[in-house]
Amino acid sequence: MNQDYIKNENFETRTICPLCQKDLVMKWQRDNIPYLGEIMYITANCQCSFRFTDTMILSSKEPMRYELLVENLEDLNARVVRSTSGTIRIPEMGIAVEPGPASDSYITNIEGVLQRVQNVLMTASRWVQEDKDEEKFARSQELLCMLNEVIDGKRTITIIIEDPLGNSAIISKKAVATKLSKEEAEELNTGMIVFDVDKSELAHDVSDNVQPLGGD
């Protein structure tokens, strides 16, 4: 892609629709999000019903890991910035939420993160119950119980956020921030289109891996 395009606030490009092979207009809109930095929204809609949306990060910081020991109700209020390239882990529960092509960015607090995980667990619990998988259903109920205890301030867990692009963070005096090594950063998923200005290339990570049942 011509780098002059990337400097514009808004522009359009044309390509071929993968479904009907007709002309497809892609709209690009640049924005600056607090904590997340410069991004480009990409959308395309074809008359044949094909739709495409994605987010391209135009800048990146040092790859970082943030770790917070959640011990009490006050810790639940710690602010969390999760970009579309952030991976969230709760090691005590065996939970890892990795970014995929449809992942979104958000600014919330620790309780908000736990509620999102809770929603995933409730959905997974219904699925395994319908499949009559008693072992996984029991595990999902155990994890939901653990989450409720954390939200009530009765259980201690660790929240870890890792981001190869450095756009995620836990904002708290108790949070421990550590720079990731190059090798550690390369093992993480980004879940989006990343534009590397230095290399002048596009890389698209389409991985998606959510482990809500605490599997090995």
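Residues numbered from 1 in each chain as written. Predicted model: local features only at pLDDT ≥ 70, side-chain atom pairs only at ≥ 80, totals over all residues. Heavy atoms only, no water.

### Considerations on the side chain of serine 168
- Of note, serine 168 is situated in the loop between strand 10 (157–163) and strand 11 (169–171).
- One polar contact links the side chain of serine 168 to the main-chain amide nitrogen of serine 83, over a distance of 2.9 Å.
- Ignoring anything within four residues of it in the chain, the contact list for serine 168 reads Tyr66, Val81, Arg82, Ser83, Gly86, Ile161 and Asp163. (Helix = DSSP H or I, 4+ residues; strand = E, 2+ residues; numbered from the N terminus. Polar contact = N/O pair within 3.5 Å; in protein donor to acceptor, adjacent residues only side chain to side chain. Contact = heavy atoms within 4.5 Å.)

### A short note on the nonpolar core
- Counting 29 residues, the largest nonpolar core has Val70, Ile90, Ile110, Leu114 and Ile159 as its most contacted members.
- If you list the elements that add at least two residues to this core, you get strand 5 (64–70), strand 7 (87–90), helix 2 (110–130), helix 3 (134–151), strand 10 and strand 11.
- Of all the elements, helix 3 adds the most residues to this core, at six residues.
- If you look at the next biggest cluster of nonpolar residues, it comprises eleven residues, including Phe11, Cys17, Trp28 and Ala44. (Core = buried A, V, L, I, M, F, W, Y, C linked by side-chain atoms within 4.5 Å. Buried < 20%, exposed > 50% of the residue type's maximum accessible area, 1.4 Å probe, protein only.)

### Some remarks on the sheet that holds strand 11
- Judged by pairing direction, the sheet is antiparallel, and its three strands sit side by side in the order 9-6-11 without closing on themselves. The sheet is open, and its two borders are formed by strand 9 (106–109) and strand 11, each paired with just one other strand. On average, each strand axis in the sheet is tilted by 20 degrees relative to the strand beside it, whichever way the strands run.
- Pairing analysis gives three bridges linking strand 6 (residues 79–82) to strand 11, with the strands arranged antiparallel. Across the sheet, valine 81 pairs through a bridge with alanine 169, a residue of strand 11.
- Packing against the sheet, helix 2 makes contact with strand 6 and strand 9, and its axis sits at approximately 105 degrees to strand 9. (Pairing = 2+ DSSP bridges. Axes fitted to C-alpha atoms, helices over the stretch in contact; angles between N-to-C directions.)

### Quick word on the confidence of the model for the protein
- Of all residues in the protein, 80% attain a pLDDT of 70 or more, and the chain-wide mean is 80.
- For the protein, strand 14 (residues 201–204) is the element with the lowest average pLDDT, namely 36, and strand 5 is the one with the highest, namely 96.
- Low pLDDT (under 50) marks residues 192–216, which in the prediction has 71 contacts with non-local residues, meaning those over four places away or in another chain. (pLDDT = per-residue confidence, 0-100.)

### So, the packing of helix 2 against helix 3
- Interaxial distance between helix 2 and helix 3 falls to 9 Å at its minimum, and their mutual angle equals 160 degrees. Here helix 3 runs roughly antiparallel to helix 2, going by the angle between their axes. Where helix 2 crosses over helix 3, the handedness of that crossing is left-handed. Within the contact between the two elements, helix 2 uses Glu111, Leu114, Val117, Gln118, Leu121, Met122, Ser125, Val128 and Gln129 and helix 3 uses Lys136, Phe137, Ser140, Gln141, Leu143, Leu144, Leu147, Asn148, Val150 and Ile151.
- Partitioned by chemical class, the residues of the contact of helix 2 with helix 3 number eleven nonpolar, six polar and two charged. (Parallel < 35°, antiparallel > 145°, perpendicular 65-115°, else oblique. Left-handed = near helix turned anticlockwise from the far one by under 90°. Nonpolar A, V, L, I, M, F, W, Y, C, P; charged D, E, K, R; others polar.)

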